[in-house]
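If you want the building blocks of each chain, they are given just below.
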Amino acid sequence: MAQQHWVPVTKTWRLNERHYGALQGYNKDTAYEELSLDQELVMQMRRSYDTRPPVMEDDHPYWHGADRRYKKLSHDQLERSRAESLKDTADRILPFFNSVICPSLKSGNKCMIVSHANTIRTLIKHIDNISDEDIKGMSIPTGIPLLYRLDKRLKPVDPTLELEFRYMVEPKGYTWGTSRAHGFHGVYLGDLERLQEIQRKRDATNRDWQRIILRKIAKSLHEQKKGNHQSTEEVDARQHLGDASFTTDDSLHTSIVYDTRQLWWQLHTKIKDNADYQNMLLLVRMKDHLEELLYHQRRSFLTNTAFESIINQLHLDAEGQIIEPFVALADQKDRDERQKIWYENLALDLEEECLIK
């Protein structure tokens, strides 16, 4: 490590990447097809905090039970490692963090943790005390150093206040602007263009998940109404819409018609019942668009082609409108305001200390 061979290096299985169970080794974009799983459920397994993937069986090609590197694991530890949610990953990592890393930091050492995205995300959640809901929206750029400064209580130092006004250190690097409201205190030390490119890819993946959700809503609505023969109402609707590809054979899947009001209701219910979906841009915009079709354009029915066209247009409209996620600390223009906040907080701390004494 930079020719500093005297620096102690500690290796542990507890800092391994999250274990994806039966999904391990599969392409994340095609695993649902290969394993015959629901696509939305697979996305939920990847992004949610406490949803586990299917467990890995002994005959899985990547089963690690016979690997000599894990022979010291207890039977219970091995069983729990067959599949992990992000919550399970935290249960595995935090004992090492509390028993090894924290004492080292308290002794005055600086610690470099080299691990994987979900491991780092778990530690960020713990250090910054980020909620289970908010951590779902956070992604960790690969290969970009992330710096945390902790005080004597191992609480994170605010990079936009404490560094500049208490420690008189010029703030450098980039903080995650879109996650500051959730309590994120880390500072990325790297190339801004690379950071932005990584985040654009993550945003695109998140929007793709939302497209999957919208298509699943439409598909489930169609399957509810689907029978051996089309209803008279649906036939009349297709003729009314002037559908050139109109056919009474649903097996062709070339002309499916949805009731706009039912589409809106299914989407409204899904957003209301699941907190994960309430902040998804495409879902909210589709709900608003369906309201526009219902109450202003008086469109009671929507063809599958038109529905797909709306999804594609909303997807394109969302691109480029995401808040720039990374903010250069040295370029912030609100120094006077931040200094004012710092001194106000300092005065409150001193007043509270005097009251305690």
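Everything quoted here is computed from the prediction, not taken from an experiment.

A. Focus on the overall build of the protein. Within the protein one finds 13 helices and 6 strands. Considering the protein as a whole, with its 357 residues, one finds that 41% of them fall into the buried category. Sequence-distant contacts in the protein: of pairs separated by 6 or more residues, those separated by 24 or more amount to 72%.

B. Geometry of unusual backbone geometry. Located in the positive-phi region is serine 36, a residue other than glycine, with phi close to 55 degrees. As for its placement among the helices and strands, serine 36 is situated in the loop between helix H1 (31–34) and helix H2 (39–47). Within the chain, asparagine 129 stands out as a residue other than glycine whose phi angle is a positive 55 degrees. Summarising the element assignment, asparagine 129 is placed in the loop between helix H5 (117–128) and helix H6 (132–135).

C. Region of the structure containing the nonpolar core. Of all hydrophobic cores here, the largest spans 28 residues; its most connected members are Leu263, Leu267, Leu283, Met286, Leu290, Leu302 and Phe307. Elements that contribute at least two residues to this core include exactly helix H8 (192–225), helix H10 (260–273), helix H11 (281–295) and helix H12 (304–318). Here this core gets 7 residues from one element, more than from any other, and that element is H8. Not counting the four nearest positions on each side in its chain, phenylalanine 307 is found in contact with Leu214, Ala218, Tyr258, Leu263, Met286 and Leu302. Membership of the second largest hydrophobic core comes to 25 residues, among which are Leu15, Cys102, Ile120 and Met138.

D. Broad picture of the pattern of salt bridges. All chains considered together, the criterion is met by 11 salt bridges. Of the charged contacts in the structure, one is a salt bridge between aspartate 67 and arginine 69, with a shortest N-O distance of 2.7 Å. For arginine 80, the salt bridge identified is with aspartate 76, shortest N-O distance 3.2 Å. Pair noted here: arginine 80 and aspartate 76 are both in helix H3 (residues 75–80), with a separation of 4 residues, about one helical turn.

E. The packing of aromatic side chains, seen in detail. What the rule picks out here adds up to 4 aromatic pairs. Residues tyrosine 148 and phenylalanine 184 carry aromatic rings whose centres are separated by 6.2 Å and whose planes lie at 85 degrees to one another, so their mutual orientation is edge-to-face. Taken together, the residues span a long stretch of sequence, with tyrosine 148 in the loop between strand S1 (146–147) and helix H7 (162–165) and phenylalanine 184 in the loop between strand S2 (174–176) and strand S3 (187–188) at a distance of 36 residues. Considered together, tyrosine 148 and phenylalanine 184 belong to a single accessibility category, that of buried residues.

F. Representation of the confidence of the model for the protein within the structure. Summary statistics for the protein give a mean pLDDT of 77 and a share of 73% for residues scoring 70 or more. Put simply, helix H9 (residues 232–240) is where the protein has its lowest mean pLDDT, 49, and helix H4 (residues 86–106) is where it has its highest, 94. Low pLDDT, under 50, characterises residues 237–254; the stretch is placed with 29 contacts to residues that sit more than four places away or in other chains. Counting interchain partners and residues more than four positions distant, the pLDDT-below-50 stretch residues 320–325 has 13 contacts.

G. Expanded view of the packing of H2 against H8. The interhelical angle for the contact between H2 and H8, taken along N-to-C directions, is 145 degrees, at an axis separation of 9 Å. Along this stretch, H2 crosses H8, giving a crossing that reads as left-handed. Of the residues in H8, those in contact with Gln39, Glu40, Met43, Gln44, Arg46 and Arg47 of H2 are Thr205, Trp209, Ile212, Ile213 and Lys216. Of the residues contributing to the contact of H2 with H8, the split by class is 4 nonpolar, 3 polar and 4 charged.

Cut-offs and rules
- Residues numbered from 1 in each chain as written.
- Predicted model: local features only at pLDDT ≥ 70, side-chain atom pairs only at ≥ 80, totals over all residues.
- Heavy atoms only, no water.
- Helix = DSSP H or I, 4+ residues; strand = E, 2+ residues; numbered from the N terminus.
- Buried < 20%, exposed > 50% of the residue type's maximum accessible area, 1.4 Å probe, protein only.
- Contact = heavy atoms within 4.5 Å.
- Core = buried A, V, L, I, M, F, W, Y, C linked by side-chain atoms within 4.5 Å.
- Salt bridge = Lys/Arg side-chain N within 4 Å of Asp/Glu carboxyl O.
- Phe/Tyr/Trp six-rings, centres within 6.5 Å; stacked < 30°, edge-to-face > 60°.
- pLDDT = per-residue confidence, 0-100.
- Axes fitted to C-alpha atoms, helices over the stretch in contact; angles between N-to-C directions.
- Left-handed = near helix turned anticlockwise from the far one by under 90°.
- Nonpolar A, V, L, I, M, F, W, Y, C, P; charged D, E, K, R; others polar.

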